[in-house]
Amino acid sequence: MNPNLIRFAAGLPWERALADNRHMADTDLAERAAQLREALHHHAHLYYVLDAPQLPDAEYDRLFQQLQALEAAHPELLTADSPTQRVIGRVLDGLQPVRHAVPMLSIQTETDTTAAGAAAFDARVRRELALPDDAPPVEYAAELKFDGLAVNLRYETGALVQAATRGDGETGEDVTHNVQTIGQVPLRLRGADWPAVLEVRGEVYMRRDDFETLNARQRDRGEKTYINPRNTAAGAVRQLDAKVAAQRPLSFFAYGLGEVQGWPEGAEPATHAALLDRLAVYGLPVSADRRVVQGAEGLVQFHAEMLIRRDALPFDIDGIVYKVNSLALQKQLGFKTREPRWAVAHKYPAQEQMTPLRGIEIQVGRTGKLTPVAKLEPVFVGGTTVSNATLHNLFELRRKGVRVGDTVIVRRAGDVIPEVVGRVAAVPGPRQPYVPNFRMPRHCPVCASAVVRERGGMDHRCSGGLFCAAQRKQAILHFAGRRAMDVEGLGDKLVDQLVDGGFVRTLPELYTLGVAKLSALERMAEKSAANLVAALEKSKKTSLARFIYALGIRQVGEATAKDLARHFGSLDRVMDAPLDELLQVNDVGPVVAQSIRTFFDQPHNREVAEQLRAAGIHWPEHEAALGPQPLLGKTLVLTGTLPTLSRDQAKALVEAAGGKVAGSVSKKTDYVVAGEEAGSKLAKAQELGVPVLDEAGLQALLAPPVA
Ligand code: IVH
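Residues numbered from 1 in each chain as written. Predicted model: local features only at pLDDT ≥ 70, side-chain atom pairs only at ≥ 80, totals over all residues. Heavy atoms only, no water.

Colleague: What should I look at first to understand the site of the ligand in this one?
Modeller: All residues adjacent to the ligand are Ile-107, Glu-143, Leu-144, Lys-145, Phe-146, Ala-150, Glu-203, Tyr-255, Val-321, Lys-323, Pro-340 and Trp-342. Note that a nitrogen atom of the ligand is positioned 2.9 Å from one of the backbone N or O atoms of Leu-144. Contact between the ligand and Lys-145: an oxygen atom at 3.2 Å from a side-chain N or O atom of the residue. Contact with the protein chains removes 85% of the 510 Å² of surface that the ligand exposes when unbound. When contributions to the shell around the ligand are tallied by element, the ones reaching two or more residues are strand 3 (139-146) and strand 10 (317-324). (Near = heavy atom within 4 Å. Polar contact = N/O pair within 3.5 Å; in protein donor to acceptor, adjacent residues only side chain to side chain. Areas by Shrake-Rupley, 256 points an atom, 1.4 Å probe, with all protein chains shown as cover. Helix = DSSP H or I, 4+ residues; strand = E, 2+ residues; numbered from the N terminus.)

Here's what the structure looks like:
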């Protein structure tokens, strides 16, 4: 045997233990392989499940290669649950049927998406249990309904021996080769007090960020993009080639059990919540967003809370699952044909719907970007009726293969603009040839200027600039927006009138509008005209950051505008800053820097800025550049309700001190500021060991250090 295969650097404690064992007897080799497996399982758990790695990737790889080499030289040492088996990349001819030892049931769906749905379930449970009206509330475990694919993981003496899909509930398909590639699925259970046979049920899903990354990669390669995380995850699990599955970043959450043989003394849980805790002890990923609640009221509250948090979760859910918490009561309630009486799925309104595509129109945006907009048969999706949805750009549209007349899938999640994610392939009948080959117009549909596309870019743009009425309107709306100059009452209808009537051609002209001129507009009463003039007057007192943002420089969003204001302290310094100085600003890269330079290199843009100042717009000079910056370079996350500061106030204070406020907690977060009713962000901070502060703690950070 080659002694080079197993040379250990005596660094970490367990490595030292391995290194001590230097004799090359076969029993020692077997022992060494076992220790390597153990170490790799341990670090995979820290990395994939707890998201808290303790070993650099290169170290992990090194150990992995050692085990691989050892197994290659001594095939008899290879075990089915070895970490090296994750990446084998088996290709199958077809998926083999697997008969489930315990059927994989479905779950009753409560179709009433309002709070009444939860109450109906609770009433059913109480009736089935024959509880008198004055009996105390039933205890429930409320958890998320993950939107993925159900699988059954079979562990025998702690090792994963089989993974199967649900299939028809009686018989599923063997997908072990693919599920093995999912880092979050342990190949070996942690500890030793598990049942000899343990079937874990749960959902394979894809995180939204992983889905976006995957689609970005597809786009870069000019390949077809995937429609949604759920279908992509389900497709990956059923691949014949494990290498393909391994390239799709999948995740897993455990939520229940199948067959179990022999709980060890003291290990058998009495409640569903305790069962999930136990699965977590065995190293299985279990969602932290779950709660034990009392009665219908508790269910309604969880359902409502998660609806608010739904769009901020890193993965899709399509509802909440309620389960009677006591396993004894579950047994008592039993099953009715194919569904348990002790559980129900309480859905949320769907975020995707199908609807016919009636036409495609071109919209011209603030920066001149031409966006193909789908005109849809109105459809109720994500809580509102949608009749327009973006198709992003010509290339997206082509890749999706969407044509007028197709039935398309529309997605609307939270405040995001509704989008067409793809077409429904399986609609029978010929495709209607209304617009067989959609093309971008060569001239702007609004101002007839030439349409251009930057070399290699995806976007088509109208070259008309502020000559184009569409761009002018959007520029005014942006300028007047709440986060920019905040001119109350200046909405689309009014801007249309002002631009179409020739009252406003440039931004500074807004400030020349008087009550007399405005009252001449249709549907404009003198009172509203006066209000608008007052709002314009009020907007003149602003901040440098808002003003920079309001100018609508491409690539300069609110955060960049704040960074620029903070860095330079005056408008003149921003306008004159050479590229290399712009690049010194926090988060400003070459593209953003060039865009700022290009903007201020155009004399008419400088003129607009000057005229606006001349019209009376002002801000405290050197506002931010002077103050102390105790939080410079720090990222904070705010969660929950603080005792005295509103969310916006706290954010402003952090930013004034040079810090950044992020929306989610990660390893890069420096502090989490938590108030009352802080939720998963607090839990995540604790999990990652990010320091958590209360409002007083935040104030202490903000206070300049006492000399
Ligand atoms: S429990 C006997 N819990 O919903 C009850 N199912 O069941 C078995 N699902 O496709 C299901 N999240 O994969 C349960 N937290 C959760 C779930 C969940 C998602 C899926 C499951 C199945 C469907 C109906």
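The rest of the description comes next.
Colleague: Just checking my understanding: could you explain the sheet that holds strand 23 (residues 671-674) for this structure?
Modeller: Picture the strands of a sheet paired through backbone hydrogen bonds; they go either parallel or antiparallel. Ordered by their spatial adjacency, four strands build an open sheet running 22-21-23-24, and the pairing between neighbours is parallel. Edge positions in the open sheet fall to strand 22 (660-662) and strand 24 (692-693), since each of these has one partner strand only. Relative to the sheet, helix 24 (residues 680-688) contacts strand 21 (635-639), strand 23 and strand 24, its axis offset from that of strand 21 by approximately 135°. (Pairing = 2+ DSSP bridges. Contact = heavy atoms within 4.5 Å. Axes fitted to C-alpha atoms, helices over the stretch in contact; angles between N-to-C directions.)

Colleague: Help me understand empty space enclosed by the protein in this model?
Modeller: It is the rolling of a water-molecule-sized probe over the atoms that shows where space remains empty. A full pass over the atoms with the stated rule returns one cavity of 30 Å³ or more. Lining the largest cavity are Glu-143, Leu-144, Phe-146, Ala-254, Tyr-255, Leu-276, Val-286, Ser-287, Asp-289 and Arg-290. Looking at the lining of the largest cavity, the elements that each hand over two or more residues are strand 3 and strand 8 (251-261). If you tally residues by element for the lining of the largest cavity, the top one is strand 3, at three residues. A per-class count over the lining of the largest cavity returns six nonpolar, one polar and three charged. (1 Å grid on protein atoms, 1.4 Å probe; cavity = no way out; pocket = protein on both sides within 12 Å on 5 of 7 lines; lining within 4 Å. Points joined across faces, edges and corners; volume = space filled by probe spheres on them. Nonpolar A, V, L, I, M, F, W, Y, C, P; charged D, E, K, R; others polar.)

Colleague: I'm lost on the pairing of strand 3 in this one. Help?
Modeller: In the case of a regular strand, side chains alternate between the two sheet surfaces. The element strand 3 is extensively covered by neighbouring structure, given that seven of its eight residues are classed as buried. Where strand 3 meets strand 9 (residues 290-294), five bridges bridge the pair, whose relative direction is antiparallel. When the bridges of strand 9 are listed, Glu-143 appears paired with Arg-290. Across seven bridges, strand 3 lies against strand 10 in antiparallel orientation. (Buried < 20%, exposed > 50% of the residue type's maximum accessible area, 1.4 Å probe, protein only.)

Colleague: Could you clarify how one ought to interpret the pattern of salt bridges in this entry?
Modeller: Two side chains that carry opposite charge are able to pair once their charged atoms sit near each other. Evaluated as defined, the whole model comprises 47 salt bridges. The residue Lys-323 makes a salt bridge to Glu-143 at a minimum N-O spacing of 2.6 Å. Residue Lys-323 is found in strand 10, and its partner Glu-143 is found in strand 3; the two are separated by 180 residues along the sequence. As far as the burial class goes, Lys-323 and Glu-143 line up, both buried. (Salt bridge = Lys/Arg side-chain N within 4 Å of Asp/Glu carboxyl O.)

Colleague: Explain the sheet that holds strand 9 here, please?
Modeller: On the basis of which strands lie adjacent, the open sheet formed by five strands has the order 2-13-10-3-9 and mixed pairing. A single partner strand is all that each edge strand has here, and the edge strands are strand 2 (109-110) and strand 9. Running over the sheet, helix 4 (residues 116-128) touches strand 2, strand 3, strand 10 and strand 13 (343-347) and is turned about 170° from strand 13. Running over the sheet, helix 9 (residues 272-281) touches strand 3, strand 9 and strand 10 and is turned about 165° from strand 9.

Colleague: How should the pairing of strand 10 be read in this particular structure?
Modeller: Burial runs high along strand 10: eight of the eight residues are buried. As paired elements, strand 10 and strand 13 share five bridges and run antiparallel to each other. Note on strand 13: the bridge partner recorded for Tyr-322 is Val-344.

Colleague: So what exactly am I meant to see when it comes to the packing of aromatic side chains here?
Modeller: For the structure on display, the rule yields 14 aromatic pairs. Taking the centre distance of 5.0 Å and the plane angle of 15° together, the rings of Tyr-205 and Phe-253 count as stacked. Of this pair, Tyr-205 sits in strand 7 (residues 197-205) while Phe-253 sits in strand 8, placing them 48 residues apart in sequence. Neither residue differs from the other here; Tyr-205 and Phe-253 are each classed as buried. Ring pairing ties together the aromatic residues Phe-146, Tyr-205, Phe-253 and Phe-315, which thus form one cluster. (Phe/Tyr/Trp six-rings, centres within 6.5 Å; stacked < 30°, edge-to-face > 60°.)

Colleague: Is there a simple way to think about the packing of helix 2 (residues 26-49) against helix 3 (residues 57-73) in this case?
Modeller: Two packed helices can be described by the angle between their axes and the distance between those axes. It is at 10 Å that the axes of helix 2 and helix 3 come closest, and there the two elements cross at 145°. For the element pair helix 2 and helix 3, the recorded crossing hand is left-handed. For the pair helix 2 and helix 3, the contacting residues are Leu-29, Arg-32, Ala-33, Leu-36, Arg-37, Leu-40, His-43, Ala-44 and Tyr-47 in the first and Asp-57, Tyr-60, Leu-63, Phe-64, Gln-66, Leu-67 and Leu-70 in the second. (Left-handed = near helix turned anticlockwise from the far one by under 90°.)

Colleague: I'm lost on the state of the cysteines in this one. Help?
Modeller: By definition, a disulfide links the sulfur atoms of two cysteine residues through a covalent bond. What the rule picks out here adds up to zero disulfides. Looking at the unpaired Cys-444, the closest cysteine sulfur is the one in Cys-462, lying at 3.7 Å. Judged by relative accessible area, Cys-462 falls into the buried class, the value being 5%. (Disulfide = S-S within 2.5 Å.)

Colleague: I tried to follow the confidence of the model for the protein chain on my own but got confused; where do I start?
Modeller: Reading predicted coordinates in detail is not appropriate for stretches of low pLDDT. Chain-level pLDDT for the protein chain is 88 on average; 93% of the residues reach the 70-or-more range. Mean pLDDT per element in the protein chain: helix 1 (residues 13-20) is the minimum at 44, and strand 7 is the maximum at 98. Contacts of residues 1-23 to residues separated by more than four positions or lying in other chains number 40 contacts, the stretch itself having pLDDT below 50. (pLDDT = per-residue confidence, 0-100.)

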